[in-house]
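Architecture at a glance
Now for the letters of each chain:
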Amino acid sequence: VGDAVALFDQASFAKFLVQGPDACAVLGRLSVAEVDVPAGRVVYTQWCNEQGGIEADLTMTRLDETSFLVVTGAAVQTRDLAWLRTHLPAEARCTVADITSGLPMLGLMGPRSRALLKKLSDEDLADAAFPFATSRELEIGYARVRVSRITYVGELGFELYMPAEFAVHVFDRIVEAGREFGLAHAGYHAMNACRTEKGYRHWGHDIGPEDDPLAAGLG
């Protein structure tokens, strides 16, 4: 991960599709970070309780004016979904759908991840054209893949979201092209070691409902 490029199977990460004219307002009320950002932008944020404690630690991507993709950990899928639905005002013009099973995610992480992805997509992925926290759809093989430049391991990296029926196809394309770049397969223990070294927080271990974002160093 630190020297070349690694492929993580992150299909178990939970994904919620939040849609409607009031989606931005609903998520803005829940989140400590500003979520009213341009389409194609990824926001890292927390959801807090009335005492300021962290109830959820996640990312959300603005897909368009009225749609957001919320991504959180597998272990808190039910918990975070319940928190979101419980705090959805009855009058809000907004719907929430759990789309986890239909949208697998692969993590391509490491200093050579951009070069490998460039070979697969032939898109301009340079910093100026594709800065950190950018998300857009690219073509990889036969699939339209949402590629988000975000990382939980501390290195240059991308999260790739694709329809479930194209997951094996995209996986095979990455593995085939990756031989040239020293691609290795990595798992959640490697991810945890990397994020610990980087100092990235993990809900349930480093932060929780009794910790506020400022005390946790997330200001």
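Figured I'd write up the structure that's included with this text. If you're wondering where the values come from, they're calculated on a predicted model, not measured in any experiment.

About the criteria used
- Residues numbered from 1 in each chain as written.
- Predicted model: local features only at pLDDT ≥ 70, side-chain atom pairs only at ≥ 80, totals over all residues.
- Heavy atoms only, no water.
- Helix = DSSP H or I, 4+ residues; strand = E, 2+ residues; numbered from the N terminus.
- Rg over C-alpha atoms; globule rule 2.2 N^0.38 Å.
- Buried < 20%, exposed > 50% of the residue type's maximum accessible area, 1.4 Å probe, protein only.
- Contact = heavy atoms within 4.5 Å.
- Areas by Shrake-Rupley, 256 points an atom, 1.4 Å probe, with all protein chains shown as cover.
- Lys, Arg positive; Asp, Glu negative; His and termini not counted.
- Charge placed at Lys NZ, Arg CZ, Asp CG, Glu CD.
- Pairing = 2+ DSSP bridges.
- Axes fitted to C-alpha atoms, helices over the stretch in contact; angles between N-to-C directions.
- Arc of directions from axis to C-beta.

Next up on the list: the overall build of the protein. The helix and strand inventory of the protein stands at five helices and eleven strands. In terms of overall size, the protein behaves like a compact globule, its C-alpha atoms giving a radius of gyration of 17 Å where 219 residues would be expected to give roughly 17 Å. By its C-alpha atoms, the protein is 50 × 35 × 30 Å across when sized along the principal axes. For the protein, the proportion of its 219 residues judged to be buried stands at 47%. Across the protein, every contact between residues at least 6 apart in sequence was considered, and the portion connecting residues at least 24 apart equals 65%. In the form shown here, the protein has an accessible surface area of approximately 10600 Å², with 51% of it arising from carbon and sulfur atoms. On the protein, the mean spot of the 20 positive side-chain charges and the mean spot of the 30 negative ones are 4 Å from each other.

To continue, consider the sheet that holds strand β9 (residues 143-148). Strand order in this open sheet of six strands is β8-β9-β10-β7-β1-β11, and the pairing throughout is mixed. In this open sheet, the two strands that pair with only one neighbour each are β8 (135-140) and β11 (183-186). Looking at each pair of strands side by side, their axes are set apart by 30° on average, direction ignored. Bridge count for strand β7 (residues 105-109) against strand β10 (residues 157-161) is five bridges, and the pairing is antiparallel. Directly across from L106, in β10, lies its bridge partner L160.

This paragraph deals with unusual backbone geometry. Despite not being glycine, D122 shows a phi value in the positive range, around 60°. Even without being glycine, A133 reaches a positive phi, approximately 70°. Mapped onto the fold, A133 is located in the loop between α3 (113-121) and β8.

Burial in helix α2 (residues 77-86) covers these residues: D80, L81, W83 and L84. The buried residues of α2 occupy an angular sector of 160° when projected down its axis, which confines them to one face. Away from the buried face of α2 by more than 90 degrees, exposed residues T78 and T86 are located.

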